[in-house]
Amino acid sequence: MSEPFIAFSYHFATDYEFVRELATFLTARGVRAWFLDKLSKPDDVSMEQYLGGLFDWRREPQNWHATYLSKLCHAAGIIVVLGAEANESRQSVGRGMWRERAAIEFFEADNPLRVREIVRATERPEEALVTDLADWGRRVIALPPVLRQRLDNADRENRPTGLTGPMQLPELKSYATAWYELVRLDLYDVEWHCRRCGLQSGNYAFGEQAPPPRCPRCAFAGYEGAAPPAEVVLNARESETLRKIEDAWQRLRQRLKERSDPGAPE
Ligand SMILES: [Zn+2]
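Residues numbered from 1 in each chain as written. Predicted model: local features only at pLDDT ≥ 70, side-chain atom pairs only at ≥ 80, totals over all residues.

Trainee: Before we go on, may I ask you to explain the overall build of the chain in this structure?
Mentor: On a plain count of helices and strands, the chain comes out with 7 helices and 9 strands. Counting every position in the chain, which comprises 266 residues, the buried fraction comes to 32%. Here the contacts in the chain between residues at least 6 apart in sequence split such that 71% fall between residues at least 24 apart. (Helix = DSSP H or I, 4+ residues; strand = E, 2+ residues; numbered from the N terminus. Buried ≥ 20, exposed ≤ 12 C-beta atoms within 10 Å, placed from the backbone. Contact = placed C-beta atoms within 7 Å.)

Okay, here's the thing in structure tokens:
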């Protein structure tokens, strides 16, 4: 999609129909609108495994975070659809709308006009809302594009892992708090996208390189190690899930260490 468009951040399970209709109405009024229109994961992969990337990446049907991020970062403006379920997603570490917040902040920093938050109060989008958003959409589409860039040579920024050989590390793919989202292109080639500013690396062979500790452009370092935003309160289940992801990650690191240095004691 090379023509300017606006994108939606929304809660798929509850607000899909509303967003689909709204996007259709806006597009009919000359404001091209994109939304993530399907969401799929393998049936036998739990949400915990999915968020932690703890499954074979070749079974990933969609890599929806990366799909979303790639589209979002090329939008002219974003509509955030709020409601009870959306608010929960937005405030729960690792969930979809929570992961989209960093990119939305970047749009707000570029120009606050680019982000519109709406509260879904009706089953279907009402005429007044459609008119309002179509006017807004025309204004943001007329703005200059948000500055984006791509690295020509990702190796310049990436760190050597110290590992050799064609290693498969899909487990790094969707570590929920990382600053980047990985996009795997084939068995060896992968790219990263900054979740905040959309900076995108070139292709690199994952076995020997890893993304730098923070975004080379906007310096976003992810949420790891940082205190969650003040309004986020984890419930027991979320805390437990994050703890398990961390444990699995530590076990993986240990295994890789042993593999690269077979003489090391366990
Ligand atoms: Zn960035």
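Trainee: Whenever I open this one, unusual backbone geometry confuses me. Can you help?
Mentor: With glycine set apart, most residues show a phi of negative sign, and most peptide bonds adopt trans. At alanine 219, a position not held by glycine, the phi torsion is positive, near 70°. Inspection of the secondary structure assignment puts alanine 219 in the loop between β9 (209-210) and α7 (236-260). Residue classification places alanine 219 among the exposed residues on the basis of 11 C-beta atoms within 10 Å.

Trainee: Got a minute to help me understand the sheet that holds strand β2 (residues 33-34) in this structure?
Mentor: The strands making up a sheet associate through backbone hydrogen bonding, with each pair oriented either parallel or antiparallel. Across the sheet, 4 strands lie side by side as β2-β1-β3-β4; this open sheet has parallel pairing. Since the sheet does not close on itself, it has two edges, and those belong to β2 and β4 (115-119), each with one partner. The pairing of strand β3 (residues 77-82) with β4 spans 5 bridges and is classified as parallel. Within β4, the position partnered with isoleucine 79 by the bridge is arginine 116. (Pairing = 2+ DSSP bridges.)

Trainee: Which parts of the structure should I look at to understand the environment of aspartate 37?
Mentor: Within the secondary structure, aspartate 37 sits in the loop between β2 and α2 (47-52). The exposed category is assigned to aspartate 37, around which 10 C-beta atoms lie within 10 Å. Taking the C-alpha atoms as reference points, aspartate 37 and arginine 20, separated by 17 residues in sequence, lie 7.9 Å from one another.

Trainee: Quick question: what am I supposed to make of helix α4 (residues 84-91) here?
Mentor: Structurally, the α-helix is built with 3.6 residues per turn, so residues lying three or four positions apart point the same way. Of the residues making up α4, those classed as buried are Ala86, Ser89 and Arg90. The arc that holds every buried residue of α4, seen down its axis, measures 100°, which confines them to one face. Summarising the contacts, the buried residues of α4 are in contact with α1 (12-28), β3 and α5 (96-110). (Arc of directions from axis to C-beta.)

Trainee: Just to check I follow, could you spell out the packing of α1 against helix α6 (residues 127-141) for this structure?
Mentor: How two helices sit against one another is set out by the angle between their axes and by the gap between those axes. The interhelical angle for the contact between α1 and α6, taken along N-to-C directions, is 55°, at an axis separation of 10 Å. Compared by their axis directions, α1 and α6 come out oblique. Note on packing geometry: the crossing formed by α1 with α6 is right-handed. Listed contacts from α6 to Leu22, Phe25 and Leu26 of α1 are Val130, Leu133, Ala134 and Gly137. Classifying every residue of the contact of α1 with α6 by side-chain character gives 6 nonpolar, 1 polar and no charged. (Axes fitted to C-alpha atoms, helices over the stretch in contact; angles between N-to-C directions. Parallel < 35°, antiparallel > 145°, perpendicular 65-115°, else oblique. Left-handed = near helix turned anticlockwise from the far one by under 90°. Nonpolar A, V, L, I, M, F, W, Y, C, P; charged D, E, K, R; others polar.)

Trainee: Is there a simple way to explain the nonpolar core in this structure?
Mentor: Side chains of nonpolar character tend, in soluble globular proteins, to be buried together. In terms of nonpolar packing, the biggest core is built from 47 residues, with Ile6, Ala7, Phe8, Val19, Phe35, Leu72 and Ile78 touching the most fellow members. Going through the elements one at a time, β1 (6-9), α1, α3 (64-72), β3, α5, α6, β6 (180-184) and β7 (189-194) are the ones with two or more residues in this core. Looking at which element gives the most residues to this core, the answer is α5, with 6 residues. Taken domain by domain, this core gets at least three of its residues from each of domain 1 (6-141) and domain 2 (154-260). (Core = buried A, V, L, I, M, F, W, Y, C linked by C-beta atoms within 7 Å. Domains from an automatic or database assignment.)

Trainee: Quick question: what am I supposed to make of the pairing of β1 here?
Mentor: In summary, the side chains of a regular strand alternate between the two faces of the sheet. Burial along β1 is two-sided: the face carrying Ile6 and Phe8 and the face carrying Ala7 and Ser9 are both buried. Pairing geometry for β1 and β2, over 2 bridges, is parallel. By the bridge assignment, alanine 7 is partnered in β2 with tryptophan 34. A crossover connection joins β1 to the parallel β2 through α1; in handedness this β-α-β unit is right-handed. (Right-handed = clockwise from strand over helix to strand, strands pointing away.)

Trainee: What is the right way to look at the environment of valine 115 in this model?
Mentor: With respect to the secondary-structure elements, valine 115 resides in strand β4. Taking the C-alpha atoms as reference, valine 115 lies 9.3 Å from alanine 76; in sequence the two are 39 residues apart. When neighbours within four sequence positions are excluded, valine 115 is seen to be in contact with Gly77, Ile78, Val80, Ile104, Phe107 and Glu108.

Trainee: What's the story with α6 in this structure? I'm lost.
Mentor: Given a rise of 1.5 Å per residue, 15 residues ought to cover 21 Å, and the 21 Å separating the end C-alpha atoms of α6 matches this to within 8%. Residues of α6 that are buried in the fold lie against β1, α1, β3 and β4. (Expected span 1.5 Å × (residues − 1).)

Trainee: Would you take a moment to explain the environment of asparagine 87 for this structure?
Mentor: Residue placement: asparagine 87 occurs in helix α4. Assessed through the 14 C-beta atoms surrounding it within 10 Å, asparagine 87 is described here as partly exposed. As a C-alpha pair, asparagine 87 and tryptophan 98 span 11 residues in sequence and 9.1 Å in three-dimensional space.

Interpretation note: all reported values are geometric properties and have no functional meaning in isolation.
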